[in-house]
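# Summary of structural features
Listed below are the residues making up each chain.
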Amino acid sequence: MKKIILTISLLAAITINLIGQNDAGFNSVPVVNGKVVFEQFIVTNPNQTADQNYVQLQKWVKSKYNVSPLLSGIRFDDKANFVTVSSGTKLIMPANSAGVRDEMIMNYRFDVSVTGGGCMLVIRDITYQNAKKEGDSFFPKKLSAEQTITDQSINTPGPEGELRTNLRKASLDFFNGLYSELNSLF
């Protein structure tokens, strides 16, 4: 009887873990060769060719990003089924211990390459700057993700560390939203 209960408990824990992994693509900030780079493979529709999945990706990119005021550029490589988007977004972070909700502009670039088995999402070149016009003692200019959201960076004490931690959470939420949109596209 104990073996049956243990087996059922183990299967339930594995199932819950697998469901949790599908909801979020990014749980940490990976640093590769000194740069913050988020990567995630997405399985595409097996009933469609890579070209058909790429056309679907193109439509999504055009509808989502052509209306963005923070869009820097979109590049389509039809021969390689590859898309690069450079854009930005305004991140409104959770209230800090003083009750202030900081606002930051995050600029980022992402690439999606579509193959027969799926597509690879790579998010890179992430920078932050204060969204408010008045001065900010912690972010007076553009700072890179390497300077702000890595494990080392968020270990700063005091209000600056709290801001960096909130910025990291807001960034991961945004990137997980992007991942979820792409995942549901296929």
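These figures come from a predicted structure and were not determined experimentally. (Residues numbered from 1 in each chain as written. Predicted model: local features only at pLDDT ≥ 70, side-chain atom pairs only at ≥ 80, totals over all residues. Heavy atoms only, no water.)

With that settled, the discussion passes to helix 2 (residues 50-65). In an α-helix, one turn spans 3.6 residues; hence positions three or four apart end up facing the same way. Counted at 1.5 Å a residue, the expected span for helix 2 with its 16 residues is 22 Å, and the 22 Å between its end C-alpha atoms agrees. When helix 2 is considered as a whole, its buried residues turn out to be Ala50, Asn53, Tyr54, Leu57, Gln58, Trp60, Val61 and Tyr65. All buried residues of helix 2 lie within an arc of 170° about the axis, which places them on one face of the element. Across from the buried face of helix 2, at angles greater than 90 degrees, the exposed residues are Lys59 and Ser63. Buried positions along helix 2 lie against strand 4 (73-77), strand 5 (82-92), strand 6 (103-114) and helix 5 (158-185). (Helix = DSSP H or I, 4+ residues; strand = E, 2+ residues; numbered from the N terminus. Expected span 1.5 Å × (residues − 1). Buried < 20%, exposed > 50% of the residue type's maximum accessible area, 1.4 Å probe, protein only. Arc of directions from axis to C-beta. Contact = heavy atoms within 4.5 Å.)

In this fold, Val83 is placed in strand 5. On the basis of relative accessible area, Val83 is assigned to the buried category, the value being 0%. Placed 29 residues apart in sequence, Val83 and Val112 show a C-alpha to C-alpha distance of 5.3 Å. Setting aside residues no more than four positions away along its own chain, Val83 makes contact with Tyr54, Leu57, Val61, Arg75, Phe76, Phe110, Asp111 and Val112.

Turning to the confidence of the model for the protein chain, a few remarks are in order. Taken as a whole, the protein chain shows an average pLDDT of 85; of its residues, 82% reach a score of 70 or greater. Scored below 50 in pLDDT, residues 9-13 shows zero contacts in the model against residues more than four places distant or in partner chains. Considering only residues more than four positions removed or in separate chains, one finds that residues 15-22, a stretch of pLDDT under 50, has one contact. (pLDDT = per-residue confidence, 0-100.)

When two helices pack together, their arrangement is given by the angle between the helix axes and the distance between those axes. Running from N to C, helix 2 and helix 5 point in directions that differ by 140°, and their axes come no closer than 10 Å. One way to sum up the angle between helix 2 and helix 5 is to call them oblique. By crossing handedness, the relation of helix 2 to helix 5 is classed as right-handed. Residues Gln56, Leu57, Trp60, Lys64 and Tyr65 of helix 2 form the contact with helix 5, whose own contacting residues are Leu178, Glu181, Leu182 and Leu185. Residue classes in the contact of helix 2 with helix 5 are distributed as six nonpolar, one polar and two charged. (Axes fitted to C-alpha atoms, helices over the stretch in contact; angles between N-to-C directions. Parallel < 35°, antiparallel > 145°, perpendicular 65-115°, else oblique. Left-handed = near helix turned anticlockwise from the far one by under 90°. Nonpolar A, V, L, I, M, F, W, Y, C, P; charged D, E, K, R; others polar.)

For the rest of this paragraph, the subject is the environment of Ala145. Counting through the fold element by element, Ala145 comes out in helix 3 (residues 145-148). The exposure class of Ala145 is buried, given its relative accessible area of 0%. Spatially, the C-alpha atoms of Ala145 and Ile126 are 5.4 Å apart, while their sequence positions differ by 19 residues. In this view, Ala145 contacts Val36, Ile126, Tyr128 and Thr150; residues no more than four positions away in its chain are not counted.

A separate point is the pattern of salt bridges. Following the criterion strictly, the structure yields seven salt bridges and no others. Taking the shortest distance from any N to any O, the salt bridge between Lys90 and Glu103 comes out at 3.2 Å. Highlighted residues: Lys90 in strand 5 and Glu103 in strand 6, separated in sequence by 13 residues. With relative accessibility at 45%, the residue Lys90 sits in the partly exposed group. Residue classification places Glu103 among the partly exposed residues on the basis of a relative accessible area of 22%. Two residues, Arg109 and Asp125, come together in a salt bridge whose shortest N-O distance is 3.4 Å. Remark: Asp125 occurs in strand 7 (residues 118-130) and Arg109 occurs in strand 6; sequence separation between them is 16 residues. Linked through salt bridges whose partners overlap, the residues forming this network are Arg109, Asp111, Arg124 and Asp125. (Salt bridge = Lys/Arg side-chain N within 4 Å of Asp/Glu carboxyl O.)

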